[in-house]
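Next come the chains, spelled out residue by residue.
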Amino acid sequence: MNKLLLLFFLILVSFRSTSQITISGSNMLNIGDVISQSEDLNTNINIGPAGQGQNWDFSQLIADDTWNMNVINPNNSPYSTNYPNADVCIMDDGEFIYANKNLNGVYLLGTGDSILQNPLLLVPLPLTFGASFVDGPYAIVDSVITNTQMQQGNITLNDFLLFQGLTPASVTNGLAHVADTLRALSEVEQNFLVDADGNIILPMGTFDCVRVRQEMTTNTSGSIYFIDTISGANSGWYPIPGFSSETDIIYHWFSNDQNTNFSLIELGVDATGNQSGSVIFLDNSATSFSNILSDDLVNIYPVPTKGSILISSELRDNNLKIYDISGKQIESVKFDNTLELDLSKYLSGTYILHLQTSDGFISRSIILE
């Protein structure tokens, strides 16, 4: 072989063996995606070493439970006004999960009406081998509730302490006697490292991917403001005993394949690197039913409504699900082209209609007067 040709061949082989993939925002949770996930409750897998050029064969995973997550426009969801910065909403088993996706990552904003104090980084971006990210520390929950507020639920803070096996005297060393206000604080710090890349085999197929090691430390604390009813000198905040720091280590595999758009596999490990718990894995193409149907194909009338709505679709085999504002599914109906639905038995408010066909789906919010 010609020496120059041989040198070119060696350079080409070297380039191929060290080439990297990059995961960006376009590869993650796009509106219209239907993410099919499964959970394997029994199989133990070997995560393998760090480094480039790894091969992971997880084809033996078995779906003990399967569900779909629908990525919809937040404007077509019941809590959209609570999340002005959300650009994606994930419908997951009746829950509405709100997130913001930008150049730096995907951030969890909250679920339903439970809004996080600060956005929680779910996936840093962009992901490429060797990249590392630090997130936090910051508070994701910082809530204060008074004794008066608790009494509206027929419970006092002193009762709350008794449920924990505590008393005002045990918390304050006898210095104060009446619990007045509770504060709950949860702070998170995360470290992400893209520690490996290579090839992964799942029951659904084979993908180029990167692996991300996530270490999340959560510090949870509680304190109560006690009133010294005798002199007032010892009134103040006292920490509630029993809270501690907890660190979770989670591995994720991601691909830039357009048929994924979510974590390929997620599993937790203990401090020694052994698997702890089940394996959650992607088990169907994320774009199988990901087309957003045109508004021209589906007509819903009247909106708002006082009871009945008429739904007409130019497509057949329509699967309609209706959710109330809490995220609970209240109706599930299959029909072909036309459906008249009576909602008068439900309370007035906002409802979400999610229409799924083999050609795609559409989500609409309606108001029942």
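Worth saying up front: this structure is predicted, and the values here are computed from it rather than measured.

K.L.:
Would you take a moment to explain the overall build of the chain for this structure?
P.N.:
What the chain contains, in helices and strands, is four helices and 21 strands. With the principal axes as the frame, the chain shows a C-alpha extent of 95 × 60 × 35 Å. By sequence separation, contacts in the chain at least 24 residues apart represent 62% of the contacts at least 6 residues apart. Here the chain contributes 13 positively and 39 negatively charged side chains, and the mean placements of these two sets differ by 7 Å.

K.L.:
For this particular structure, what's the right way to read the pairing of strand E10 (residues 205–227)?
P.N.:
Along any regular strand, the residues point their side chains to alternate faces of the sheet. As paired elements, strand E9 (residues 178–202) and E10 share 23 bridges and run antiparallel to each other. By the bridge assignment for E10, Gly198 is matched with Cys209. Where E9 folds back onto E10 in an antiparallel hairpin, the turn is made up of two residues. Here E10 pairs with strand E12 (residues 245–254) via 10 bridges, running antiparallel. Across the sheet, residue Thr217 finds its bridge partner in E12, namely Thr247. Pairing analysis gives four bridges linking E10 to strand E11 (residues 236–239), with the strands arranged antiparallel.

K.L.:
Where do I start with the environment of Pro84 in this structure?
P.N.:
Counting through the fold element by element, Pro84 comes out in the loop between strand E3 (65–72) and strand E4 (88–92). Along the backbone, Pro84 and Asn100 are 16 residues apart, and their C-alpha atoms lie at a distance of 9.7 Å.

K.L.:
How do you make sense of the nonpolar core when you look at a structure like this?
P.N.:
Taken as a class, soluble globular proteins show a tendency for nonpolar side chains to be buried jointly. In terms of nonpolar packing, the biggest core is built from 52 residues, with Phe58, Leu127, Ile200, Trp253 and Ile265 touching the most fellow members. For this core, the element with the highest residue contribution is E9, accounting for six residues. If near-sequence neighbours (up to four positions away) are discounted, Ile200 is found in contact with Trp56, Phe58, Gly205, Thr206, Phe207, Cys209, Trp253, Leu264 and Ile265. Judged by nonpolar contacts, the second largest core, of 17 residues, contains Val298, Leu320, Phe335 and Leu343.

K.L.:
Just checking my understanding: could you explain the sheet that holds strand E16 (residues 308–313) for this structure?
P.N.:
Within a sheet, adjacent strands bond to each other through the backbone by hydrogen bonds, running parallel or antiparallel. Strand order across the open sheet formed by three strands is E15-E16-E19, with antiparallel pairing between neighbours. Two strands close off the open sheet at either side, each with one partner strand: strand E15 (298–301) and strand E19 (338–342). Strand-to-strand twist of the sheet, defined as the mean angle between neighbouring strand axes without regard to direction, takes the value 15 degrees. In terms of strand pairing, E15 meets E16 through four bridges, oriented antiparallel. Bridging across to E16, Tyr301 finds its partner in Leu310.

K.L.:
Is there a simple way to explain a negative patch on the surface in this structure?
P.N.:
A cluster of acidic residues, Asp64, Asp65, Asp93 and Glu95, forms a negative patch on the protein surface. The residue Asp93 is located in the loop between E4 and strand E5 (95–102) in this model. Overall, Asp93 belongs to the exposed group, its relative accessible area being 74%.

K.L.:
Would you mind going over the pattern of salt bridges with me for this structure?
P.N.:
Once their charged atoms are close, side chains differing in charge can pair, the charge on each being opposite to the other. In this structure the tally under the stated criterion is four salt bridges. Notably, a salt bridge pairs Asp142 with Arg183, separated by 2.9 Å at the nearest N-O pair. One end of the pair, Asp142, is in strand E8 (residues 132–146); the other, Arg183, is in strand E9, with 41 residues separating them in the sequence. By relative accessible area, which is 32% here, Arg183 ends up partly exposed. Put simply, Glu331 and Lys345 hold a salt bridge, and the shortest N to O gap is 3.3 Å.

Each value, and the rule that gives it
All chains use their own residue numbering, which begins from 1 and follows the written sequence. Only residues with pLDDT of at least 70 are given local features in this predicted model, and only at 80 or more are side-chain atom pairs given and counted; all residues enter the totals for whole chains, interfaces and linings. No hydrogens and no water enter the side-chain calculation; it runs on all heavy atoms of the structure. Each helix is a run of DSSP H or I of at least 4 residues and each strand a run of E of at least 2, with the numbering of both proceeding from the N terminus. Two residues form a contact once any of their heavy atoms are found within 4.5 Å. In this tally Asp and Glu are treated as negative and Lys and Arg as positive; neither His nor the chain ends contributes. Positions of charges follow a simple convention, taking NZ of Lys, CZ of Arg, CG of Asp or CD of Glu. Strands are labelled as partners when DSSP assigns at least two bridges between them. We call a set of buried residues a nonpolar core when its members are Ala, Val, Leu, Ile, Met, Phe, Trp, Tyr or Cys and they connect through side-chain atoms within 4.5 Å of each other. Residue exposure (1.4 Å probe, protein chains only): buried if accessible area is under 20% of the type maximum, exposed if over 50%, otherwise partly exposed. Fitted lines through C-alpha atoms serve as axes, helices being fitted only where they are in contact, and the angles separating the N-to-C directions of these axes extend from 0 to 180 degrees. Candidate patch residues must exceed 30% relative accessible area and have no salt bridge, after which like charges are joined if within 9 Å and Val, Leu, Ile, Met, Phe, Trp or Tyr side chains if within 5 Å. Per-residue accessibility takes into account occlusion by the displayed protein chains alone, with areas from the Shrake-Rupley method and a 1.4 Å probe. Salt bridge, as used here, is a side-chain nitrogen of Lys or Arg placed within 4 Å of a carboxyl oxygen of Asp or Glu.

Scope: geometric values only; no functional claims are made or implied.
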